[in-house]
Amino acid sequence: MCKNLKGGFQFLLSPWQQVFSQTATPPTRRYDLDWLRVLAFGLLIFYHSGMLYSQNWGFHFKSQYLSQGVENAMLLLSPWRMALIWFISGAALRFIVVRLSFSHFIISRSIQILLPLLVGVWLVVPVQLYAEMSQKSGLNLCFWRFYQAFFDLSHPIFANNQAGIWPHVDVNHLWYLRSLWQFTLLLVLILPLLHFSKVQALITRLCELSPLIIFIVLLLPLCVLKLNWPSETFRYPMGALFLLYGYLLAWQPGFYSQLQHRWRALLVMFVLGYVLVVLGYHFIWQDPKVSQWQITSMDMLYTAQRLLGVMFMLALAQRFLNHDHPMLSKLNGVVFPFYILHQSVIIGLAFWLTPLQLGPVWEPVVIISVTFLSCWLFYEIMRRSDILCQLFGIKPRQQYSAKQRRVLSWIGLLLISPLAVELLT
């Protein structure tokens, strides 16, 4: 009976087992994508610092020095910044899948994503909620008393802040980790279809066509989604689609070669698109009297600029950054802890610097500089402890035996299981 059940289970999993742990040799390491990953996450510090000063865009905390002009600069990044991160994430998954077994992939990815997320929502994000409630709700409480109350899920001071994984325990900027884990599971479900020979041949044939045709083919699903999905939550299906694009195109050298050869044309189109986005933002999105067709046209332009920005960044990286560097490996290790920490550091600094009234120039300079220095200092401290490394997504320095890795995996699964259940229900 047990043998029959085991045989039936293996038969059901056989399409996935054929995808994982492939014997085929993967392409050489993509240094251009490594550099893009470092730069894309680094830009988040500048972008989220800018959110403190944007006059019309909501954020957890706002500086007293608001400006509409900063929004023009942020529109250079806003359309494509997260789309690029999702694309790189999908490409990274393609390289990981070929190296791991099915079970190892699910377990290791779940721990590597959800353990830092669990640490983040309980230890890092509360600073943001404290600053937000102090500014918007007039919270009159020191941070340490607030933090003690934070662990009480039914505490009355959070009556108006119930949104989150658990009551008032929200992800804030860590929504990417939550969605990355969820989208990874969804991607795994369709992996046998994606690796079907005819699908792979179709993708390869597409990448041999002109960049304009590739652009149109990739843009159409985005436009359909944008027309049929509420704007407030569009970032989720958009992220899932770019994750899929990254996975499918990761091993397509023809795609990157096409982009590299036409990077100048992409530059011209990107600059033109940026100018049109800024004009549309001020004369359409900011005008309550415009008609619906104008808003829809602007939505389509912004969506096109989103994809164009990703393709342009990939072209630049392929042209100028496809090489190794002694610092690249360390910078890649810095990305994850920087991402987890940066927004709380930004908002915490803005909150505690507000009474000093440093002015609209020095305040952002101090916030950005101290954020980079603080995150780097935290990283240097954390990387010296293997326990902290596991909690903040840093690769441990020590090599562990197979038995030790199994024990650590069971401990990790035990810690993340309540969070995983919440995210799946």
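Before reading further, recall that the structure is shown in the block above.
What this report covers is the structure whose coordinates are included nearby.

Cut-offs used in this document
- Residues numbered from 1 in each chain as written.
- Predicted model: local features only at pLDDT ≥ 70, side-chain atom pairs only at ≥ 80, totals over all residues.
- Heavy atoms only, no water.
- Helix = DSSP H or I, 4+ residues; strand = E, 2+ residues; numbered from the N terminus.
- Rg over C-alpha atoms; globule rule 2.2 N^0.38 Å.
- Buried < 20%, exposed > 50% of the residue type's maximum accessible area, 1.4 Å probe, protein only.
- Contact = heavy atoms within 4.5 Å.
- Lys, Arg positive; Asp, Glu negative; His and termini not counted.
- Charge placed at Lys NZ, Arg CZ, Asp CG, Glu CD.
- Axes fitted to C-alpha atoms, helices over the stretch in contact; angles between N-to-C directions.
- Parallel < 35°, antiparallel > 145°, perpendicular 65-115°, else oblique.
- Left-handed = near helix turned anticlockwise from the far one by under 90°.
- Nonpolar A, V, L, I, M, F, W, Y, C, P; charged D, E, K, R; others polar.
- 1 Å grid on protein atoms, 1.4 Å probe; cavity = no way out; pocket = protein on both sides within 12 Å on 5 of 7 lines; lining within 4 Å.
- Points joined across faces, edges and corners; volume = space filled by probe spheres on them.
- Arc of directions from axis to C-beta.
- Phe/Tyr/Trp six-rings, centres within 6.5 Å; stacked < 30°, edge-to-face > 60°.
- Core = buried A, V, L, I, M, F, W, Y, C linked by side-chain atoms within 4.5 Å.

### What to know about the overall build of the protein
A tally of regular secondary structure across the protein gives 18 helices and 0 strands. In terms of overall size, the protein behaves like a compact globule, its C-alpha atoms giving a radius of gyration of 23 Å where 425 residues would be expected to give roughly 22 Å. Seen along its three principal axes, the alpha-carbon backbone of the protein occupies a region of about 65 × 50 × 45 Å. Sorting the 425 residues of the protein into buried and exposed places 49% on the buried side. The contacts in the protein between residues at least 6 apart in sequence include a share of 77% that link residues at least 24 apart. Separation of charge centres in the protein, based on 30 positive and 15 negative side chains, amounts to 11 Å.

### Description of the packing of helix H4 (residues 81-97) against helix H8 (residues 175-194)
Relative to each other, H4 and H8 sit at 45°, their axes nearing to 11 Å. Classified by the angle their axes make, H4 and H8 are oblique. In the packing of H4 onto H8, the handedness of the crossing is right-handed. Every residue of H8 that contacts H4 at Met82, Ile85, Trp86, Ser89, Leu93 and Val97 is listed here: Trp175, Tyr176, Ser179, Leu180, Phe183, Thr184, Leu187 and Leu191. Of the residues in the contact of H4 with H8, the class split is 11 nonpolar, 3 polar and no charged.

### Considering the layout of surface pockets
Space inside the second largest pocket adds up to approximately 1300 Å³. For the lining of the second largest pocket, the elements supplying multiple residues, two or more each, are helix H2 (31-51), H4, helix H6 (126-136), H8, helix H11 (235-249), helix H13 (263-285), helix H14 (292-320) and helix H15 (328-353). With 5 residues, H2 is the largest single contributor of residues to the lining of the second largest pocket. The class makeup of the residues in the lining of the second largest pocket is 24 nonpolar, 13 polar and 8 charged.

### Quick look at empty space enclosed by the protein
Overall, the coordinates contain 1 cavity of 30 Å³ or more when judged by the stated rule. Here the largest cavity defines a volume of roughly 30 Å³. Every residue lining the largest cavity is listed: Phe105, Ile106, Arg109, Ser110, Trp181, Thr184 and Leu185. Those elements giving two or more residues to the lining of the largest cavity turn out to be helix H5 (102-124) and H8. When grouped by side-chain class, the residues that make up the lining of the largest cavity number 4 nonpolar, 2 polar and 1 charged.

### Comments concerning the environment of Gln292
As for its placement among the helices and strands, Gln292 is situated in helix H14. For the pair Gln292 and Ser101, spaced 191 residues apart in the sequence, the C-alpha separation amounts to 50 Å.

### Remarks on helix H9 (residues 197-207)
Burial in H9 covers these residues: Ile203, Leu206 and Cys207. The buried side chains of H9 occupy one side of the element, clustering within an arc of 100° when seen end-on. In H9, the exposed positions that point more than 90 degrees away from the buried face belong to Ser197, Lys198, Leu202 and Arg205. Packed against the buried residues of H9 are helix H10 (211-228), H11 and helix H12 (253-261).

### Side note on the environment of Leu93
If you trace the backbone, Leu93 turns up in helix H4. For the pair formed by Leu93 and Ala250, sequence separation is 157 residues and the distance between their alpha carbons is 9.0 Å. If near-sequence neighbours (up to four positions away) are discounted, Leu93 is found in contact with Phe105, Arg109, Thr184, Leu187, Leu243 and Tyr247.

### A short note on the packing of aromatic side chains
Tallied over the full model, the rule gives 41 aromatic pairs. Aromatic pair Phe146 and Phe150: ring centres 6.3 Å apart, planes at 40°, arrangement tilted. Taken together, the residues span about one helical turn, with Phe146 and Phe150 both in helix H7 (residues 143-150) at a distance of 4 residues. By relative accessible area, which is 0% here, Phe146 ends up buried.

### Details of the packing of H8 against H11
Think of two packed helices as two axes; the pair is described by the angle between the axes and how far apart they sit. One can describe the packing of H8 onto H11 by two numbers: an axis separation of 10 Å at closest approach and a directional angle of 50°. The orientation of H8 with respect to H11, classified from their angle, is oblique. Crossing of H8 against H11: the hand is right-handed. Packed against H8, whose contacting residues are Trp175, Arg178, Ser179, Leu180, Phe183, Thr184, Leu187, Ile190, Leu191 and Leu194, the element H11 presents Arg235, Tyr236, Gly239, Ala240, Leu243, Leu244, Tyr247 and Leu248 at the interface. Residue composition of the contact of H8 with H11, by class: 13 nonpolar, 3 polar and 2 charged.

### Overview of the nonpolar core
Soluble globular proteins tend to bury their nonpolar side chains together. The biggest cluster of nonpolar side chains holds 142 residues, and the ones touching the most others in it are Phe146 and Leu314. With 14 residues, H15 is the largest single contributor of residues to this core. Not counting residues within four places of it along the chain, the set of residues in contact with Leu314 comprises Leu33, Leu36, Leu84, Phe87, Phe255, Tyr256 and Leu259.

### Comments concerning H13
Those residues of H13 not exposed but buried are Trp263, Leu266, Phe270, Gly273, Val277, Val278, Gly280, Tyr281 and Ile284. On the buried face of H13, the contacting elements are helix H3 (69-74), H12 and H14.

### Some points on unusual backbone geometry
Across the chain, the bulk of peptide bonds are trans and the bulk of non-glycine residues have phi less than zero. With a phi angle near 65°, His168 is a residue other than glycine that sits in the positive phi range. Along the chain, His168 falls in the loop between H7 and H8. According to the relative accessible area criterion, His168 is buried, its value standing at 3%. The residue Gln357 is not glycine, and still its phi comes out positive at about 50°. For Gln357, the location among the structural elements is in the loop between H15 and helix H16 (362-382).

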